[in-house]
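Descriptive analysis of the structure
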Amino acid sequence: MPVRAVLLVLLLALAAPALAPRPAPAGSVEQSLRANEQLARQGRQSLTRLTDQERALHGDLAAIEDELGALRARVAGSEAELKALDARIARARAEGQRLDREQQAAYADLGRLARALWPLRVADLHARSAARGWDEADRRFAWGVALYDEARAAARAIEARSKRLTGVVREQRELRARAEAALAALNADKDASLDKRLDFVRRIREVRAERLNQEQALEQIMGAIEELEYRMQAQDAGKFEDQKGRLPWPVDGRRLDASALAGPGARGQGRGAGFSTAQDAPVRAVFPGRVVVSDLLRGYGHVVILSHGDNWYTLYAFLREDAAGQGSEVASGAVLGHAGYYPAAKGPGVYFELRTGQKAINPVEWLAQRP
């Protein structure tokens, strides 16, 4: 990509004053930093406490599971008892229905016997006033005795069935009462089991939600601390224009001769400095600043451009990737990415450029000398 395109990117950055470092009184920055550090310490303590609470709740899970297991066993026992009671109630109902049918049949038989005895009784009373022989009287007597015996047996059977039927009805009432009690106990156990589960889930959710809120708050505080530290370092570092001959190298390696940067396909890179490095060598900011560009630019690979205020910019090209997002503030020495393939170095390397406004400046004069 031609240098003019890079300059256009820089001009766009210049048009966004919000990206420039914001000055602030040193005292207020330091006080804010200390206050945020105190908040961070308190946040970490709260996080530790909440994490311990969550662990304790999970530790209680075994005991809760034991209680739930006992409740499930009681529920299973109640269900089995209820099922057995239902079976007994069904048998008692069937027995009652059978006895009732037998009783109805017995009443019918007794009625038949009564209808047979009544004419015999009337005939016997009538026969007392009429002459009859001993044979006929004996037959009538034997017949009457047989009918009376059968009637008495039928009455006794009816009475016995009535007692049994009464007992069956009483048993049904008792079984039904026990079944209702067993059902109530079963529902109580199920409700208790559900309440325990819901209470455990509620406590876990409350602690987890509070911990997540605390983590978010701590993350915001740490972001504020990082920005305040950058601003303090920027204040301590002074102005960029006073750093001539004192800037650290952007990467460890060997600086290339100017002729290597002016060869075919260099695309104007002779205005900067090139470095041959080890594979994946970290590329660092030479001065505190704000990332105004982090993108792929044709002819430059992955590029990061930092604004250092007062129209001063540094450019780092041919990075394998960037470690600082666009708009973030970085301190001096912060890793911006790692060295990628640099054609001028015929291997891993970095192209570094320094600009004030639209003017490219020889960065070699600004870098600290190395033995």
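Rules used in this analysis
Residues numbered from 1 in each chain as written. Predicted model: local features only at pLDDT ≥ 70, side-chain atom pairs only at ≥ 80, totals over all residues. Heavy atoms only, no water. Salt bridge = Lys/Arg side-chain N within 4 Å of Asp/Glu carboxyl O. Helix = DSSP H or I, 4+ residues; strand = E, 2+ residues; numbered from the N terminus. Buried < 20%, exposed > 50% of the residue type's maximum accessible area, 1.4 Å probe, protein only. Phe/Tyr/Trp six-rings, centres within 6.5 Å; stacked < 30°, edge-to-face > 60°.

Some words on the pattern of salt bridges
All told, the structure shown has 10 salt bridges when counted by the stated rule. Note that Arg320 and Asp280 form a salt bridge whose closest N and O atoms lie 2.7 Å from each other. You can see Arg320 sitting in strand β6 (residues 312-322) and its partner Asp280 sitting in the loop between β2 (273-277) and β3 (282-284), a full 40 residues away along the chain. Assessed through its relative accessible area of 32%, Asp280 is described here as partly exposed. Between Glu329 and Arg290 there is a salt bridge, and its shortest N-O distance comes to 2.1 Å. Of this pair, Glu329 sits in strand β7 (residues 329-330) while Arg290 sits in strand β4 (residues 289-297); the two residues are 39 residues apart in sequence, bridging distant segments of the chain. In this structure, Glu329 and Arg290 share a single accessibility class: buried. Several salt bridges share partner residues, and in doing so they unite Asp199, Arg202, Arg203 and Glu206 into one network.

Some remarks on the packing of aromatic side chains
This structure, assessed with the given rule, holds 9 aromatic pairs. Where Phe318 meets Tyr342, the ring centres are 4.7 Å apart and the plane angle is 35°; that geometry is what we call tilted. Of this pair, Phe318 sits in strand β6 while Tyr342 is found in strand β8 (residues 335-342), placing the two residues 24 residues apart along the sequence. The pair Phe318 / Tyr342 is uniform in exposure class, with both members buried. Ring pairs connect the aromatic residues Phe240, Phe287, Trp312 and Trp366, which therefore count as one cluster.

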